[in-house]
Amino acid sequence: MALSFRRLNRISYRRLAALCPLQYNNIQVKLTESPGEKPKDTSRVVFGSVFTDHMLEIDWTVEKGWESPLISPYHDFPMSPATSALHYGIECFEGMKAYRGVDGKVRLFRPMENMQRMFNSGQRLCLPAFDKEEFLKCIKRLVHIDADWVPKEPDCSLYIRPTFIGYQPSLGVGPSKRALLYCILSPVGPYFKDGGFKPVSLLADPRYVRSWPGGMGDCKAGGNYGATVLTQVEAERRGCQQVLWLYGDDYKLTEVGTMNMFIYMKNEQGVNELVTPPLDGLILPGVTRKSIVELAQKWENIQVSERSITMQEVVKALEEGRLMEMFGAGTACVVCPVDRILYNEKNYHIPTMDNGAPIAKRAHKELTSIQWGETPHEWSVPVSD
Ligand SMILES: *Cc1c(COP(=O)(O)O)cnc(C)c1O
């Protein structure tokens, strides 16, 4: 049902988009005359609070298709109070980063993965199809123009936030006849302050779910996140830092906060297994998750499994001393170790850090070394030559 609907939508919108496709070559650039001040110490900047000098905008209408991409000084939008994004959550976004490499070059990490995911999220919201390669070229140009904003400090980067909204100024619930694809940039500090690899504690409360079969948990749609704020506040009230999202009568583990999840354990057959929940529609298909799976498949003496795992299996493995590590994975932190789960009013110590988290650390090291250009790799894409 969901699939056939998606295909229908894709076909009709492809036809429309073909009339006037998104084309990088038409890009117009208006540079700022008053460049902003860059942070003196990016490591102290609050996440997502500082923006660069320029932004990218591409308008779409059902009548004309895609307009010329425009890069211009960062600004507010004129917006009808009836705009569909505001009323019905017709909005999706991406999160990626530009890294200043050890050689000074600016690189992106697997950016086509983000383009494809944004395309999929847009399709789920009946937003128009766009050419992924062309949109990436526009983003690269934006990052190139604001390249001085890519921090030089260690572990700091330029966060890239492509956004796609329904921009129709009327209240009907239906596919938006106007849309806006845009991108803003924000210099960000390290996820772990003072260099540490600090573990987090999790609240696992099955009364809350993040996603469900047939929903849009596999899309980076704004509506998925607004609904999690209350749960996050409750986690903090109960002395935890983030939420462990469970699903189903058997309490399957799905994600950690806004990260994918990995568990490293000796399974009941005595095999060292790195488990991450499968992409069954409940899980956001993370680029970091995919990369860790692909890297770990090459490691020796470890079996990588994309399979469901329940709280019962986790508790049993913990009690039998077989669970070794648990960590979240996402662009923001790369990997983030877990040291405690509050579940059914009981605290479970997770021994991730007790023997130094070798698997989490190895994943972190291999990925960051590619991202910062220390290890040449096809995943690492220069912004310009
Ligand atoms: C963005 C996100 C992730 C991580 O995806 P990456 O591509 O690795 O950054 C995981 N889970 C949720 C819910 C997310 O929104």
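All values derive from a computational prediction rather than experimental measurement.

1. Things to note about the environment of N114
In step 1: Along the polypeptide, N114 turns up in helix α3 (residues 111–124).
In step 2: Taking relative accessible area as the criterion, N114 reaches 2% and is therefore assigned buried.
In step 3: A sequence separation of 246 residues divides N114 from A360, and the C-alpha atoms of the two residues are 23 Å apart.
In step 4: Those residues within four positions of N114 in sequence are excluded, and the remaining contacts are E94, G95, M96, F109 and V287.
In step 5: Within the structure, N114 has its side chain in polar contact with the backbone oxygen of G95 (distance 3.4 Å).

2. A look at the domain arrangement of the chain
In step 1: Partitioning the chain into domains gives domain 1 (5–190) and domain 2 (200–371).
In step 2: For domain 1 and domain 2, the distance between their C-alpha centres works out to 29 Å.
In step 3: Taken together, the contact pairs 19 residues of domain 1 with 21 residues of domain 2.
In step 4: Taken together, the two surfaces of domain 1 and domain 2 that pack against each other cover about 1,700 Å², and 57% of this comes from carbon and sulfur.
In step 5: Linking domain 1 with domain 2 are two salt bridges, by the criterion used here.
In step 6: Inspection of the region where domain 1 meets domain 2 yields 12 residue pairs in polar contact (both at pLDDT 80 or more).
In step 7: Where the side of domain 1 that touches domain 2 is concerned, the elements lending two or more residues are β5 (91–93), β6 (96–100), β7 (106–109) and α3.
In step 8: Considering each element in turn, the side of domain 1 that touches domain 2 owes the most residues, six residues, to α3.

Cut-off values and rules
Residues numbered from 1 in each chain as written. Predicted model: local features only at pLDDT ≥ 70, side-chain atom pairs only at ≥ 80, totals over all residues. Heavy atoms only, no water. Helix = DSSP H or I, 4+ residues; strand = E, 2+ residues; numbered from the N terminus. Buried < 20%, exposed > 50% of the residue type's maximum accessible area, 1.4 Å probe, protein only. Contact = heavy atoms within 4.5 Å. Polar contact = N/O pair within 3.5 Å; in protein donor to acceptor, adjacent residues only side chain to side chain. Domains from an automatic or database assignment. Buried area = accessible area lost by both parts, 1.4 Å probe. Salt bridge = Lys/Arg side-chain N within 4 Å of Asp/Glu carboxyl O.

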